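Descriptive structure summary
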Amino acid sequence: MRILLINPPTIHALKKIAGVTGPPLGLAYLAAVARENGFTVKIIDAVAENLSLKELSREIKFFDPDVVGVTATTPMIPDAYAVAHITKMINPNALVIIGGPHVTFLPERTLRECPYIDIVVRGEGEKTFEELLNTIDSEKRLQDVRGITYLDKEGRIRSTPPRPLIRNIDDIPIPAYDLLPLDKYQIDGINFATIITSRGCPYNCIFCSSSALFGHVYRAHSVDRVLEEVSLLRYKFNIREIEFLDDTFTLNKKRAKEISKEIVRNDMDVSWSASSRVNTIDYETALYMRRAGAHTVYLGIESGTQKILNFIRKKITLNQARDAVKVSKKAGLGVLGSFVIGFPIETLQDINTTISFSKSLDLEAAQYTVATPYPGTDLWTYSIRHKLLLTEDWRKYTALDVVMKSFFLSPKQIKRLLFKAYVSFYLRLKYIVEDIVKRGGLITLKAIVGTIKSIIEKLWLTKS
């Protein structure tokens, strides 16, 4: 049986803003599972390879798959539907399967919206996908596969019971990195790859679906497994830049230090970044990470007011945010702070306070996004209950567009405040000087205007 896994062609926000796209690691995990079970498998990352739908259609025809698996985030869903459609046009007998966070939480709606999709895989996909492929191959009953929603022969929607989470994630094979176009993933001309070393989050932030998707119980790869994956990327694929995609790399500080120690002990010569929470990082952990080649830590600070932090159930304080930035920088790490504006209860003063707070933290970089009620999040439930959704056009769920009403601000006000946040953070004198020095120019009006234009373009804020 031939399996084709597709990351659909789409207008990818990150690629449009920064010219960067990351590997579809979920597909690489599924590819590894399929290959271990003896199936012929191929991955097409249409985003990284800049394939149009027409070009992708030719690739599907050439490979002639029995099963097409598609992944999609919420704003990519229309593109996934288009892939399903062309697949059925090419071969009506090919089975189309879709997975990812969006369809996990809206499986029935997905099948109603797109009649070309046969099966939705809900939640953690590896074991479900393995069982599903073997069931299809042996022509057994779909109703015996846990964790799927599907169309039966009469066209009725059926759902099977949820699948338990994988207890020991070391049982999951290493992603099939060799099936990805690794030369296409670059930052400033440097090839990079991604690794996930843990799953599950014990926190319950209102805007995040991670714990609903992967559970509240923290499950981590062994240190040996992590080093095996780092070693594979470093020595087989010659990749020195790695981003750890864990929700919170430092959730278990002892483990984070052990991984760092082993990277140093094995002289792996890698450069890397990771995400943390402000209440799970200290100077010692940050120092171990820096000595092991870490250059940046991403901190989800989210807001500059305790009222909003409490509303989103972040379970951190402003002082913890200040301390986390200080200890990280003291250890030599660059810090990128992430902030979200536009929650329904936020006032103009609240957002301005967040902007001021972000500028007070001595961050290397700041990322600002608009609060977005993704399906599966408690913010989605809240917005439905209070009738706050402005649209269910999934393409607009980019975290740069305003798709949810505020009790105090108009969508235009929130968009302007997003613009204000970026401009006021990055157009401070130190950033203008650094940007111009990098280009070898002088501080002139023309250079400052050029810097402003560059920021606007990069932030994708010129679109209405």
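Residues numbered from 1 in each chain as written. Predicted model: local features only at pLDDT ≥ 70, side-chain atom pairs only at ≥ 80, totals over all residues. Heavy atoms only, no water.

Turning our attention to the overall build of the protein chain. Counting its secondary structure elements, the protein chain contains 18 helices and 16 strands. Against the globule reference of 23 Å for 464 residues, the protein chain gives a C-alpha radius of gyration of 23 Å, in line with a compact fold. Principal-axis analysis of the C-alpha atoms gives the protein chain an extent of 65 × 55 × 40 Å. Residue burial in the protein chain is summarised as follows: out of 464 residues, 54% are buried. For the protein chain, long-range pairs separated by at least 24 residues make up 72% of all intrachain contacts whose partners lie at least 6 apart in sequence. By element, 52% of the accessible surface of the protein chain is carried by carbon and sulfur atoms, the whole surface being about 20,700 Å². Computed over 63 positive and 51 negative side-chain charges, the separation of the two mean positions in the protein chain equals 6 Å. (Helix = DSSP H or I, 4+ residues; strand = E, 2+ residues; numbered from the N terminus. Rg over C-alpha atoms; globule rule 2.2 N^0.38 Å. Buried < 20%, exposed > 50% of the residue type's maximum accessible area, 1.4 Å probe, protein only. Contact = heavy atoms within 4.5 Å. Areas by Shrake-Rupley, 256 points an atom, 1.4 Å probe, with all protein chains shown as cover. Lys, Arg positive; Asp, Glu negative; His and termini not counted. Charge placed at Lys NZ, Arg CZ, Asp CG, Glu CD.)

With mixed pairing, the seven strands of this open sheet are ordered in space as S2-S1-S3-S4-S5-S6-S7. Every other strand in the sheet has two partners, leaving strand S2 (40–45) and strand S7 (157–159) as the edge strands with one partner each. Looking at each pair of strands side by side, their axes are set apart by 20° on average, direction ignored. Set on the sheet, helix H7 (residues 126–137) makes contact with strand S1 (2–7), strand S3 (67–71), strand S4 (95–99), strand S5 (119–121) and strand S6 (148–151); between it and S4 the angle comes to about 170°. (Pairing = 2+ DSSP bridges. Axes fitted to C-alpha atoms, helices over the stretch in contact; angles between N-to-C directions.)

Right, let's talk about the packing of helix H2 (residues 25–36) against H7 for a bit. Across the interface, H2 lies against H7 with an axial gap of 9 Å and an inter-helix angle of 40°. Between H2 and H7, the crossing angle belongs to the class labelled oblique. Note that H2 runs across H7; the crossing there is right-handed. Residues Tyr29, Leu30, Val33 and Ala34 of H2 form the contact with H7, whose participating residues are Glu126, Phe129, Glu130 and Leu133. Classifying every residue of the contact of H2 with H7 by side-chain character gives six nonpolar, no polar and two charged. (Parallel < 35°, antiparallel > 145°, perpendicular 65-115°, else oblique. Left-handed = near helix turned anticlockwise from the far one by under 90°. Nonpolar A, V, L, I, M, F, W, Y, C, P; charged D, E, K, R; others polar.)

Packed helices, taken two at a time, are described by the angle their axes make and the gap between the axes. Two numbers describe how helix H14 (residues 348–360) lies on helix H16 (residues 411–426): the axes approach to 10 Å, and their chain directions differ by 20°. Judged on the interaxial angle alone, H16 and H14 are roughly parallel. The element H14 and its partner H16 pack so that their crossing is right-handed. Two secondary-structure elements touch here, H14 through Leu348, Ile351, Asn352, Ile355, Ser358 and Lys359 and H16 through Leu417, Lys420, Ala421, Ser424 and Phe425. The class makeup of the residues in the contact of H14 with H16 is six nonpolar, three polar and two charged.

Turning our attention to the pairing of strand S13 (residues 271–276). Taken across its six residues, S13 has five buried, putting it largely inside the fold. Where strand S12 (residues 241–244) lies against S13, three bridges are found, and the strand directions are parallel. Each residue of the ladder has a partner; that of Glu241, found in S13, is Ser271. Taken together, S12, helix H10 (residues 253–265) and S13 constitute a β-α-β crossover, and its handedness is right-handed. In this structure, S13 lies alongside strand S14 (residues 294–302), joined through five bridges in parallel fashion. Of the residues in S14, the one forming a bridge with Ala274 is Val297. Between S13 and its parallel partner S14, the chain crosses via helix H11 (residues 283–291), and the hand of that crossover is right-handed. (Right-handed = clockwise from strand over helix to strand, strands pointing away.)

Most often, soluble globular proteins keep nonpolar side chains buried together rather than apart. By size, the foremost hydrophobic cluster in this structure holds 106 residues, and its most contacted members are Leu5, Phe244, Trp272, Ile301, Phe343 and Leu363. Setting aside residues up to four positions removed in sequence, Ile301 forms contacts with Val278, Leu309, Ile316, Ala321, Val325, Gly337, Ser338, Phe339, Phe357, Leu361 and Leu363. Of all hydrophobic cores here, the second largest spans 31 residues; its members include Leu51, Ala80, Val83 and Leu106. (Core = buried A, V, L, I, M, F, W, Y, C linked by side-chain atoms within 4.5 Å.)

Below, the discussion takes up the sheet that holds S13. A sheet is described by the order of its strands in space; here seven strands give the open sequence S8-S9-S12-S13-S14-S15-S16, paired in mixed fashion. Edge strands, defined here as strands with exactly one partner in the open sheet, are strand S8 (186–187) and strand S16 (365–370). Strand direction decides the pairing type here: S8 and strand S9 (residues 190–195), joined by two bridges, are antiparallel. Bridging from a neighbouring strand, Gln186 pairs with Asn191 of S9. The sheet strands contacting helix H13 (residues 318–330) are S14 and strand S15 (334–341), and the helix crosses S14 at an angle near 175°.

For the rest of this paragraph, the subject is the confidence of the model for the protein chain. Per-residue confidence for the protein chain gives a mean pLDDT of 91; residues scoring 70 or more make up 90%. For the stretch residues 14–18, pLDDT sits under 50, and the model shows 13 contacts to residues farther than four places along the chain or on other chains. In the model, residues 455–464 has pLDDT below 50 throughout and makes 23 contacts with residues more than four positions away in sequence or in other chains. (pLDDT = per-residue confidence, 0-100.)

What follows deals with the packing of aromatic side chains. A complete count under the given rule lists 14 aromatic pairs for this structure. Measuring from centroid to centroid gives 5.1 Å for Tyr368 and Tyr422, while their planes differ by 85°, and the two rings are edge-to-face. On the criterion of sequence distance, the pair formed by Tyr368 in strand S16 and Tyr422 in helix H16 is long-range, its members being 54 residues apart. Classification of Tyr422 by relative accessible area gives buried; the value is 7%. (Phe/Tyr/Trp six-rings, centres within 6.5 Å; stacked < 30°, edge-to-face > 60°.)

This part is about helix H3 (residues 53–63). Note: α-helices contain 3.6 residues per turn, so residues at a spacing of three or four share the same orientation. Taken residue by residue, H3 has Leu56, Ser57, Ile60 and Phe63 as its buried positions. What you see down the axis of H3 is that its buried residues fit within an arc of 135°, all on one side. Opposite the buried face of H3, at more than 90 degrees from it, the exposed residues are Lys54, Lys61 and Phe62. In the stretch just after H3, Asp64 is the one whose phi turns positive, near 55°. (Arc of directions from axis to C-beta.)

A separate point is a negative patch on the surface. A contiguous patch of negative charge on the surface is contributed by Glu49, Glu55, Glu59 and Asp183. Structurally, the position occupied by Asp183 is in the loop between S7 and S8. (Patch = residues over 30% accessible without salt bridge, like charges linked within 9 Å, V, L, I, M, F, W, Y side chains within 5 Å. Salt bridge = Lys/Arg side-chain N within 4 Å of Asp/Glu carboxyl O.)

Among all residues save glycine, negative phi is the norm, and among peptide bonds the norm is trans. With a phi angle near 55°, Asp64 is a residue other than glycine that sits in the positive phi range. Within the element layout of this structure, Asp64 appears in the loop between H3 and S3. Even without a glycine there, the phi angle at Asn238 is positive, about 55°. Here Asn238 lies in the loop between helix H9 (223–236) and S12.

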